[in-house]
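# Notes for the structure review
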Amino acid sequence: MKHLFLSIFTLLIVGASFAQSVPAPKEYLGYEPGERFAQHHEIVGYMQALAAADPSRMKLERYGTTNE
């Protein structure tokens, strides 16, 4: 039980510190997700902002391209 509590506590602390450094979707997009349709470039831009905010936790990789 102690290990479970310690694991949850650690996860909350790490999550809170990560959450403070990344932009919220509304901060980046200017509207709440679900209020309207997000364009592809907006989603890609937000993912790039997340990766730039904490590169040790997220890395973007291109794995393919399409003409459609």
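Structure: see above.
Let me begin by describing the structure that accompanies this report. Owing to the predicted nature of the structure, the values given are computational and were not obtained by experimental measurement.

Scanning the protein chain from N- to C-terminus turns up three helices and zero strands. Along the chain direction, N to C, the helices and strands of the protein chain fall in the order α-α-α. Residue burial in the protein chain is summarised as follows: out of 68 residues, 16% are buried. Once local pairs closer than 6 in sequence are excluded, the contacts in the protein chain between residues at least 24 apart make up 32%.

Residue placement: Glu 42 occurs in helix H3 (residues 40-53). A relative accessible area of 15% means that Glu 42 is categorised as buried. In terms of polar contacts, Glu 42 uses its side chain to reach the side chain of Tyr 31, at 3.0 Å.

Mapped onto the elements, Leu 50 comes out in helix H3. Counting along the chain gives 28 residues from Leu 50 to Val 22, while the straight-line C-alpha distance between them is 5.9 Å.

Using the criterion set out here, one finds two salt bridges in the structure. Close ionic contact of Glu 42 with Arg 36 constitutes a salt bridge, the shortest N to O distance being 3.6 Å. In this structure, Glu 61 engages Lys 59 in a salt bridge whose closest nitrogen and oxygen atoms are separated by 3.1 Å. You can call Lys 59 exposed: its relative accessible area is 63%.

Criteria and thresholds
Residues numbered from 1 in each chain as written. Predicted model: local features only at pLDDT ≥ 70, side-chain atom pairs only at ≥ 80, totals over all residues. Heavy atoms only, no water. Helix = DSSP H or I, 4+ residues; strand = E, 2+ residues; numbered from the N terminus. Buried < 20%, exposed > 50% of the residue type's maximum accessible area, 1.4 Å probe, protein only. Contact = heavy atoms within 4.5 Å. Polar contact = N/O pair within 3.5 Å; in protein donor to acceptor, adjacent residues only side chain to side chain. Salt bridge = Lys/Arg side-chain N within 4 Å of Asp/Glu carboxyl O.

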